[in-house]
Amino acid sequence: MTSRILDGDAAGWRSKRTGVKWGHHPPDVLPLWVAEMDAAPCEPVVEAVSAALRRGDTGYPLGHDFVDAAVAYAAQTWSWTIEPSRVTPVTDVMVGLSELVRLVTDPGGPVVVSPPVYNAFFDFIDMTGRRVVDAALDAEHRLDLAVLDRTFGEVTAGGERAAYLLCNPQNPTGTVHTAAELEALAEIANRHGVVVIADEIHAPIVHEGAFTPFVSVPGGERGVSLMSASKAWNLAGLKAAVTVTGAEARDDLTLHEVHTHGASHLGQIAAVAAWTDGREWLARVTAEIDANRALLGRLLAQDLPQIGYAAPAATYLAWLDCRALGWGDDPAAVLRERGRVALSPGLSFGDAGRGFVRFNLATSPGIVTEAVERMVRSTRES
Ligand SMILES: Cc1ncc(COP(=O)(O)O)c(C=O)c1O
């Protein structure tokens, strides 16, 4: 029998992990916050990275294998044909994304986002000295095309250069944007001259519907996509990502060659192994996450029906509406204090996240169950 990937208990994971997820909070707090998995590693990745270390292959990367593996994975998985010359290795998704923001906007210029959206978008826009402009998702957590049209019109009215950060699929809601939505987004963005930078890091884990790469839709050729193996294969510590520039992107979207200096050789070796030989591991972990999506639904319906939950169509992140509990803007603080369970505060994903929390499903069913027990306990204490 094949063993589980998402297994184990809190004591076991705490003894095996030295990173931020298990180290940030005190030991009595159960951590289901940052987007990392409590997962047994993907064996082909372990073998490839260990072999590289053993032979001392720890110099600067050449990058060709990495680019070829990204191109092959996109073709096999999404029938997405990428011209290798349009692929640039970068340190990681957020470094690539912020460099692209610097290229296509000016200091102080507008960068539009659709909250609730990946919390680091806000910090990295701030770090680049640009300004965040919200065009929130609608009540069903889908792109609000009318709001995007109006917002793009407003931010470009004075002649400023603008970018839109698409999160596809969307962290924290798990929304899988449809081809029709993306095509409509491309039309609106192109009409207003806004450059779409698509963060597609979560694309390999989809439970319902199908991922569509933004630059593959009609009109999307003027945008740019960012891909990485780091979320789906749990390799965040092994830095490496790629940008894929659309076929009709403006010249100002081309990253300087020097950016490739940042991508780690071991990170690239890990990603090549994941994209090439990690499909079986990915299928298994996706099935385990899928089961956890259902488990969380059952537990909440039974023990905490006040919480609103729609199983995420993609990713391993669940977006929970805690507003009916009456705990104000930051229920994550109440859960941490009373229940000793750390979920991500909804507010960190933008104003639209008031009263919400993000729950990380990439852990064992036992830990999911314990987390809900701690949440229930939080409702009993005051
Ligand atoms: C949507 C999204 N983009 C980017 C990242 C971070 O990627 P990287 O570590 O490659 O910068 C994350 C991490 O959780 C994420 O959820």
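Residues numbered from 1 in each chain as written. Predicted model: local features only at pLDDT ≥ 70, side-chain atom pairs only at ≥ 80, totals over all residues. Heavy atoms only, no water.

**What about the overall build of the chain?**
- Looking only at helices and strands, the chain has 12 helices and 13 strands in total.
- The globule rule puts the C-alpha radius of gyration for 382 residues at 21 Å, and the 20 Å found for the chain is close to it.
- If you line up the chain on its principal axes, its C-alpha atoms span 60 × 55 × 35 Å.
- In the chain, which comprises 382 residues, the proportion classed as buried is 54%.
- Carbon and sulfur atoms form 52% of the exposed surface of the chain, whose accessible area is close to 15,400 Å².
- Averaging the positions of the 32 positive and the 47 negative side-chain charges in the chain gives two centres separated by 5 Å. (Helix = DSSP H or I, 4+ residues; strand = E, 2+ residues; numbered from the N terminus. Rg over C-alpha atoms; globule rule 2.2 N^0.38 Å. Buried < 20%, exposed > 50% of the residue type's maximum accessible area, 1.4 Å probe, protein only. Areas by Shrake-Rupley, 256 points an atom, 1.4 Å probe, with all protein chains shown as cover. Lys, Arg positive; Asp, Glu negative; His and termini not counted. Charge placed at Lys NZ, Arg CZ, Asp CG, Glu CD.)

**Some details on helix 9 (residues 265-277)**
- Spanning 13 residues, helix 9 covers 18 Å between terminal C-alpha atoms, matching the ideal 18 Å at 1.5 Å per step.
- Among the 13 residues of helix 9, 10 are classified as buried, and the element is accordingly described as predominantly covered.
- Tucked inside the fold, the buried residues of helix 9 contact helix 3 (43-54), helix 4 (64-78), strand 2 (87-90) and helix 10 (279-303).
- Where helix 9 starts, the residue carrying a side-chain oxygen 3.2 Å from the main-chain nitrogen of Leu266 turns out to be Ser264. (Expected span 1.5 Å × (residues − 1). Contact = heavy atoms within 4.5 Å. Polar contact = N/O pair within 3.5 Å; in protein donor to acceptor, adjacent residues only side chain to side chain.)

**Let's talk about the site of the ligand**
- Looking at the ligand, there are 13 residues lining it, with Val93, Met94, Asn171, Asp199 and His202 nearest.
- Interatomic distance of 2.8 Å between a side-chain N/O atom of His202 and an oxygen atom of the ligand.
- Its free accessible area being 400 Å², the ligand has 93% of it covered by the protein chains.
- Class assignment for the residues of the shell around the ligand results in six nonpolar, three polar and four charged. (Near = heavy atom within 4 Å. Nonpolar A, V, L, I, M, F, W, Y, C, P; charged D, E, K, R; others polar.)

**Describing the domain arrangement of the chain**
- For the chain, the domain assignment lists domain 1 (10-41 + 279-380) and domain 2 (45-277).
- On the side of domain 2, 31 residues touch domain 1, which itself brings 27 residues to the contact.
- Interface area for domain 1 against domain 2, summed over the two sides, is near 2,500 Å², with a carbon-plus-sulfur share of 59%.
- The interface formed by domain 1 and domain 2 includes one salt bridge.
- Here Arg293 and Glu208 are joined by a salt bridge, their closest N and O atoms 2.8 Å apart.
- On the surface where domain 1 and domain 2 come into contact, there are 14 residue pairs in polar contact (both at pLDDT 80 or more). (Domains from an automatic or database assignment. Buried area = accessible area lost by both parts, 1.4 Å probe. Salt bridge = Lys/Arg side-chain N within 4 Å of Asp/Glu carboxyl O.)

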